[in-house]
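# Structure assessment
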Amino acid sequence: MKPKLAVVKMTGCAGCQMEVLRIEDKLLDLTGAVEIAYFYMATSANRHGPYDIVLVEGSVSTPRELRELKELRDGAKLLIALGDCACSGCLPSIVNWVPPEESAKVYERFLEIHSRKESFQRVSPLSAHVRVDLELRGCPPNRDAILEALKGALLGIRPFLREHPVCVECKLKENACLLVCEGRPCMGPVTAAGCGAACPSNGRVCEGCYGPMSDANASSLAEIFARRCGLSQEDIVRKFRKYAGLMPAFSKEAGGKI
Amino acid sequence: MRGMVVPKDSLGELVSKLSDRYKIFGPKRKGTEWIFGEVESADEMDLRYSTTILPPRKFFLPTSERLFSFRMDGRVEEPEEPDIPALIFGIHSCDLNALLLLDAVFSSGQFPLPSYVKRRERTALVALTCTEVGDHCFCESMGTGPSPAGGYDVLLTDLEGEYLMESGSRRGDEILALARGREASKGDFDRKAEAIERAKSKFKRRVDLRDIDELFLKNLDNPIWERLGEKDLACGLCVNSCPTCFCFDVRDKLDFPMDSGVRYKEWDACVLLEFSQVALGGNFRRDRSARIRQFIGHNLGWGGASQFREFRGKAKCVGCGRCIRYCPAGIDLTEVLKELRGA
C-alpha cells in the first residue's frame, strides 16, 4: 500500500504548498509513489487522518492549530516542517515583539483576528510543541529540497540538505560580494543556503529568508553591519528579527528573548 | 630564449586567429570585480584586471560535476568529455603557479585524476606578467610572481605600447607563429626585467616564511585563534576563492521514480562546519577557531610537514590575496602571520 501524504496549512501564506505544486514535472511521479490523502490546494478529495507523511506549512498561532498539530504528530510516521513559518516562525513571528495595543491601532476590529481573540498571543514554530523529523527551510523552500525530502521519506534515509551559508552558492555563481565590494548589509553570511543565492544574483541583498545556517556568527555580522554598512541598532534588530528572530542563533541580535 | 615583440593593437588580430582553434577564456568585468569568462574578441577582455572572483581552477576542477550516472540494474555511464581545446588568456603568475601546485596533487602522484589531467592537456595558458600590484597581493614573498618562471605556453609582458611574447612550449611556438611582430632583442628582455623590478617595488604586503612549519606547530594553542574564531563568519569565501584549495565532496542523487541516479562531486570548504562532520554528528573541528587555524595553517605553514608531500616543502599559498580581498570579517593571513611572529 502506498504511504498516505498530507499537506496541511497552519498560520502562513500558503506559498509553501504552492511550491509543492510547482514540482510540476515530478508531480505525476509523486502520485505514483504516494497517495495524496490531504492537500486542500490540489484536490477536493481530502480524507481524514491519520497520515504517514505530513508536510505542515505555517506556524502555530491558535489553540486549535496546536490541537491539530498534536493530532497529526500522533498519527504520523514522519512530520516535516514545510517552510520558514513552520521551522522558525518567519514573518508572522514579528508579532511576538509587538504589544497588542500597537496591533489594535492598525486593525480596526482587532479582536476578530483569531490568534488575538483566543488570547494565545504568541506565534511559534512547530518544534516548540512537537517533535519535528525534518525542517525544510525557506520562504518558500526550494522545490528541489521538497523533492529530496519526499525521496528521503520514501527511501527511509535522511535527505542531504546543505546548511552552509548562502555565500557558498553566491560565490560559486561568481557574484561580486555585495557586502565586501559595495558595503551593503547582506544577510548571506549567516543564512542557510538552498535558494541558489536568488537575491544577490539579482543585485539585491540576502534578506535571510532561510533562517540561520549551521554555524551562524550573528554577533560578528551585526558588528560588520554597524561598522561597515552604517546600520543603526534598530535596523540591525529588524534584519535579524524578520524571518528567524525566535531562533537561538539570532535571538540576541533580534532584540533578545521574548 | 625565443621571443617576439608585438604592437599592442595587434592583439585583437591574434585573439581572432586563436579563436579559430580554441575556445578562449579571459578576464572580464563583472560589477566592481572581474571573472574569467568566455570571450570572442580581445575587446571583451580587461587585461588590467586586478584579480578574479573565482580562480582558474574552476576550469580544471569544476564547482560541481557529474562523475557518472547509474541505474539500479547496475548499468553505469560516464559523461563524455568534450574535446574542445581551450585557451586561458591573461592568467596571472600567482594563478599559474597555483595550477602547478594542483598538478602535483592531481596530475602526478599516486592517484592522478583523469578528468583533471585531460583538461590540463587540452588547455593552453597565455600568462601575463604583472606590472601593477594589487593592494592584497604578496606573490613575491611566496616566490610565485610577479612574473612566472615557467608553466605557461605563452608569456606576455607589457612593455608600454607593445608586448613581449615568449613561448614556453611547442604549443606556445605555434601561437607565436600566428602573431605579427618582430624578433625580440636582448634590449627587450632587459626592459622586461626592469618592468618586473618596478612591480616588485610596489608590493605593500610581504610575508616572512622562515621556519614557517615550526612557527605554526609551536602556536597551535595561541589565543589568536580564539579571537579569530569570534570574528570569523565561516562563510567559505576564502576557500572558494582560493586558487589552490582542492577539497571536494562526493554525493549520490536519485531521480524519481528512484530507479536511477547520478554520483556527483562538488567543491567543499574546510571553514564550513559540515566539512569535518562524521557519523552521528561527531565533528573534529566544531569551533570556528579550529577551522580558521586549519585554513591559515594549511596555506602558509605545514605545507611541507603535512601529508601533502607532493608540494615538496612549498607553501600551498601563492599570495594572490583573494582570501583577504573577499573576507567580510577582515581576516588577513599576512597580519595573522605577523602577529604569530610577535611583530
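Bear in mind that the values here come from a model prediction, so they are computed numbers and not experimental data.

It is worth spelling out the nonpolar core at this point. Membership of the largest hydrophobic core comes to 72 residues, with the highest contact counts inside it found for A:Phe225, A:Phe240, B:Phe295, B:Ile296 and B:Leu300. It is helix α11 (residues 218-228) of chain A that contributes the most residues to this core, five residues altogether. Apart from the residues lying within four places of it in its own chain, the contact partners of A:Phe240 are A:Met187, A:Val190, A:Ala218, A:Leu221, A:Ala222, A:Phe225, A:Gly245, A:Phe250, A:Glu253 and A:Ala254. Counting residues in hydrophobic clusters, the runner-up holds 25 residues, among them B:Ile24, B:Leu87, B:Val154 and B:Leu156.

Quick look at empty space enclosed by the protein now. Enumeration over the complete set of coordinates arrives at four cavities of 30 Å³ or more. By volume, the largest cavity amounts to about 150 Å³. Looking at the largest cavity, it is lined by 19 residues, and the ones nearest its centre are B:Cys238, B:Ile292, B:Cys323, B:Cys327 and B:Ile331. Among the elements that make up the lining of the largest cavity, the one with the highest residue count is helix α11 (residues 288-300) of chain B (three residues). Looking at the lining of the largest cavity residue by residue, the class counts come to 16 nonpolar, one polar and two charged. What the second largest cavity holds in volume is close to 130 Å³. The wall of the second largest cavity is formed by 14 residues, among which A:Cys167, A:Cys170, A:Cys177, A:Leu178 and A:Cys186 lie closest to the centre. Listed by contribution, the elements that provide at least two residues to the lining of the second largest cavity are α8 (166-172) and α9 (178-182) of chain A. The biggest single contributor to the lining of the second largest cavity is α8(A), with four residues.

Of note, the amide linkage connecting A:Cys139 to A:Pro140 takes the cis form, showing an omega dihedral of 0°. Examined against the element boundaries, A:Pro140 turns out to sit in the loop between β5 (134-136) and α7 (143-155). Unlike most non-glycine residues, A:Glu174 shows phi in positive territory, near 60°. Structurally, A:Glu174 can be placed in the loop between α8 and α9. The exposure class of A:Glu174 is buried, given its relative accessible area of 10%. Phi is positive for B:Asp211, which is not a glycine, with a value near 50°. Its location among the elements puts B:Asp211 in the loop between α7 (186-200) and α8 (212-218).

All names here are of chain B. Taken as a whole, chain B is organised into domain 1 (3-200) and domain 2 (212-340). Between the C-alpha centres of domain 1 and domain 2 the distance comes to 26 Å. Tallying the contact residues gives 39 residues for domain 1 and 39 residues for domain 2. Regarding the contact of domain 1 and domain 2, the summed buried area is about 3,500 Å², with carbon and sulfur atoms giving 63% of it. Contact with domain 2 buries area across many residues of domain 1, yet Arg57, Leu101 and His136 alone supply 20% of it, more than any other trio. For the pair domain 1 and domain 2, the number of links is four salt bridges. Of the charged contacts, one joins Arg322 and Asp95 as a salt bridge, the two residues approaching to 2.8 Å between their closest N and O atoms. The interface formed by domain 1 and domain 2 holds 20 residue pairs in polar contact (both at pLDDT 80 or more) in total.

We now examine the sheet that holds strand β1 (residues 4-9) of chain A. Residues and elements named next belong to chain A. Pairing is parallel across the open sheet formed by five strands, whose spatial order is β2-β1-β3-β4-β5. Of all the strands in the sheet, the pair left with one neighbour each is β2 (35-39) and β5. For this sheet, the mean angle separating the axes of adjacent strands, direction not counted, is 20°. As paired elements, strand β3 (residues 53-57) and strand β4 (residues 78-82) share five bridges and run parallel to each other. Its bridge partner being in β4, Val54 is matched across the sheet by Leu79. Along the sheet face, helix α3 (residues 63-75) touches β1, β3 and β4 and points at about 135° away from the line of β4. Across the face of the sheet, α7 comes into contact with β1, β3, β4 and β5 while running at roughly 160° to β5.

Below, the discussion takes up the interface of chain A and chain B. Of the residues lining the interface, 36 residues belong to chain A; the matching set on chain B comes to 40 residues. Here chain A packs against chain B, burying approximately 3,200 Å² in sum over the two surfaces, 60% of which is carbon and sulfur. Broken down residue by residue, the surface that chain A buries against chain B is led by A:Lys171, A:Leu172 and A:Glu174, which jointly contribute 22%. The tally of links from chain A across to chain B stands at five salt bridges. In this structure, the salt-bridge partner of A:Asp215 is B:Arg291, at a minimum N-O distance of 2.7 Å. Across the chain A-chain B interface, the total number found is 13 residue pairs in polar contact (both at pLDDT 80 or more). Mapped onto the side of chain A that touches chain B, the elements with two or more residues apiece are α2 (27-33), α7, α8, α9 and α11 of chain A. In terms of residue count, the dominant contributor to the side of chain A that touches chain B is α7(A) (five residues). Taken together, the residues of the side of chain A that touches chain B break down into 20 nonpolar, five polar and eleven charged.

With that out of the way, let us pick up the sheet that holds strand β11 (residues 248-255) of chain B. As summarised here, the arrangement of the four strands in space is β5-β4-β12-β11 (chain B), forming an open sheet in which the pairing is antiparallel. Looking at the sheet topology across the chains shown, the edges are occupied by β5 (76-77) and β11 of chain B.

Residues and elements named next belong to chain A. What the domain assignment reports for chain A is domain 1 (4-155) and domain 2 (166-251). Listed by partner, the interface residues are 19 residues for domain 1 and 14 residues for domain 2. Summed over both sides, the interface of domain 1 with domain 2 buries roughly 1,200 Å², with 58% coming from carbon and sulfur. At the junction of domain 1 with domain 2, the criterion picks out six residue pairs in polar contact (both at pLDDT 80 or more). Counted by class, the side of domain 1 that touches domain 2 contains ten nonpolar, seven polar and two charged residues.

What counts and how
Residues numbered from 1 in each chain as written. Chains lettered and ligands numbered in written order. Predicted model: local features only at pLDDT ≥ 70, side-chain atom pairs only at ≥ 80, totals over all residues. Heavy atoms only, no water. Core = buried A, V, L, I, M, F, W, Y, C linked by side-chain atoms within 4.5 Å. Buried < 20%, exposed > 50% of the residue type's maximum accessible area, 1.4 Å probe, protein only. Helix = DSSP H or I, 4+ residues; strand = E, 2+ residues; numbered from the N terminus. Contact = heavy atoms within 4.5 Å. 1 Å grid on protein atoms, 1.4 Å probe; cavity = no way out; pocket = protein on both sides within 12 Å on 5 of 7 lines; lining within 4 Å. Points joined across faces, edges and corners; volume = space filled by probe spheres on them. Nonpolar A, V, L, I, M, F, W, Y, C, P; charged D, E, K, R; others polar. Domains from an automatic or database assignment. Buried area = accessible area lost by both parts, 1.4 Å probe. Salt bridge = Lys/Arg side-chain N within 4 Å of Asp/Glu carboxyl O. Polar contact = N/O pair within 3.5 Å; in protein donor to acceptor, adjacent residues only side chain to side chain. Pairing = 2+ DSSP bridges. Axes fitted to C-alpha atoms, helices over the stretch in contact; angles between N-to-C directions.

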